[in-house]
Amino acid sequence: MRRYVLRAVSLAAALGLWQALTSLNIDLWLRFSQFPTVTDVARAFAARLSGPDYWTDLTDSLTRILTGFLLAAVLGVATGVLVARSRLAEDLLGPLLEVVRPIPAIALVPVAILLFPSNEQGIVFITFTAAFFPVLVSTRHAVRALPPTWEEAVRTMGGGRWRILGSVVLPGALPGVFGGLSVGIGVSWICVISAEMISGQYGVGYRTWQDYTVVDYPGVFVGMVTIGVLGWVTSTAVELLGRRLTRWLPRTAYAPGARPPRPARLVRSVKPAPAASAAVPGGPASEEVRDEHLV
């Protein structure tokens, strides 16, 4: 409860600072007088919630994100495992993937417009491309980092290639895979909003850009807040799913809400043995001292 209170206090402090700087028209180096106040954004947000356009934009953006991200998750994991496990696949696909990977996904918007018959399919393609490469790279590194002894143990017990894939490769690479998925979902939101601004008809990014063109700055901030909340919710969902599927991992690092275990206290209690009995090798006193020394 204390941690949740601290989080609420930090958020309230940030909003209070925003309200103070904008309501007092503070202009030092940054021009806060151009910003809408928190109350202006809240009124605009309430007005948007009461209309149908906001929910239509929300549904369209979420549909594009989920479609592109799920495609990227499936194909990224499959391609990463294939490239990491097969030299032939690495030689055939590796150079092409490494050449395309540095290209920003938003730079592919003209290609998507020319390639796909509708803007909707082009936006999903941009979202897919943005999430595909983080998932691919994380999966490839996670598979290559697996200890060879795990695979050798399965082969020793008679396991074949598919048994190794299902029992060793995929479970062992899950932490790295979900690391790539967490990065991919964030990059997907960045690119889908940019794609909606350029070629979309509906969506949070499209509506935010339209508000900017008509100089509706409170509406622009409504879009920014919506994007931030949606990105946080989807990233948290991916992280919780990753923890759920990797419960078998030892949680030695920091975990929210968990306290580190107290170190065990070592109690040493050695009774002095009589000198006469201790001098006799193999006697009862010498055996007692030896047992206590082992303990």
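Below: a short report on this structure. The residue numbers shown here count from 1 along each chain, following its written sequence. Given that this is a predicted model, residues contribute local features only at a pLDDT of at least 70 and side-chain atom pairs are listed and counted only at 80 or more, while totals for whole chains, interfaces and linings are drawn from all residues. Side-chain figures throughout are based on the complete set of non-hydrogen atoms in the structure, without hydrogens or water.

**Points about the packing of aromatic side chains**
Okay, step 1: In this scheme Phe, Tyr and Trp rings, the latter by its six-membered ring, pair at centre separations within 6.5 Å, and the angle between planes marks the pair as stacked below 30 degrees, edge-to-face above 60, and tilted otherwise. Evaluated as defined, the whole model comprises 9 aromatic pairs.
Okay, step 2: An angle of 35° between the planes, with centres 5.4 Å apart, marks the rings of Phe 128 and Phe 132 as tilted. Here Phe 132 and Phe 128 lie together in helix H6 (residues 119-144), a separation of 4 residues that amounts to about one turn. Each member of the pair, Phe 128 as well as Phe 132, is classed as buried. Under the DSSP-based scheme used, a helix requires at least four consecutive residues in state H or I and a strand at least two consecutive residues in state E, with every element numbered from the N terminus. Burial classes: relative accessible area under 20% of the type maximum marks a residue as buried, over 50% as exposed, and values in between as partly exposed (1.4 Å probe, protein chains only).

**Describing the side chain of Ser 61**
Okay, step 1: One can find Ser 61 in helix H3 (residues 52-85).
Okay, step 2: By relative accessible area, which is 0% here, Ser 61 ends up buried.
Okay, step 3: A polar side-chain atom of Ser 61 sits 2.9 Å from a polar atom in the side chain of Glu 196. Think of a polar contact as two N or O atoms within 3.5 Å of one another; within protein, one of them needs to be a possible hydrogen donor and the other a possible acceptor, and neighboring residues in sequence only count if both atoms come from side chains.

**Quick notes on the side chain of Asp 57**
Okay, step 1: Assignment of secondary structure puts Asp 57 in helix H3.
Okay, step 2: Classification of Asp 57 by relative accessible area gives buried; the value is 3%.
Okay, step 3: The contact criterion used throughout is that any non-hydrogen atoms of two residues lie within 4.5 Å. Once you skip the residues sitting within four places of it in the chain, Asp 57 turns out to touch Tyr 202, Gly 203, Val 204 and Arg 207.

**With respect to the nonpolar core**
Okay, step 1: Among buried residues, those of type Ala, Val, Leu, Ile, Met, Phe, Trp, Tyr and Cys that are joined through side-chain atoms within 4.5 Å constitute a nonpolar core. Core analysis: the largest hydrophobic core is formed by 49 residues, its most contacted members being Ile 126, Phe 132, Leu 181 and Trp 189.
Okay, step 2: Among the elements of the structure, helix H2 (38-49), H3, helix H5 (109-115), H6, helix H8 (161-199) and helix H10 (217-245) are those that each provide at least two residues to this core.
Okay, step 3: Sorting elements by how many residues they give to this core places H8 first, with 13 residues.
Okay, step 4: Setting aside its immediate chain neighbours within four residues, Leu 181 contacts Phe 69, Ala 73, Val 135 and Val 238.

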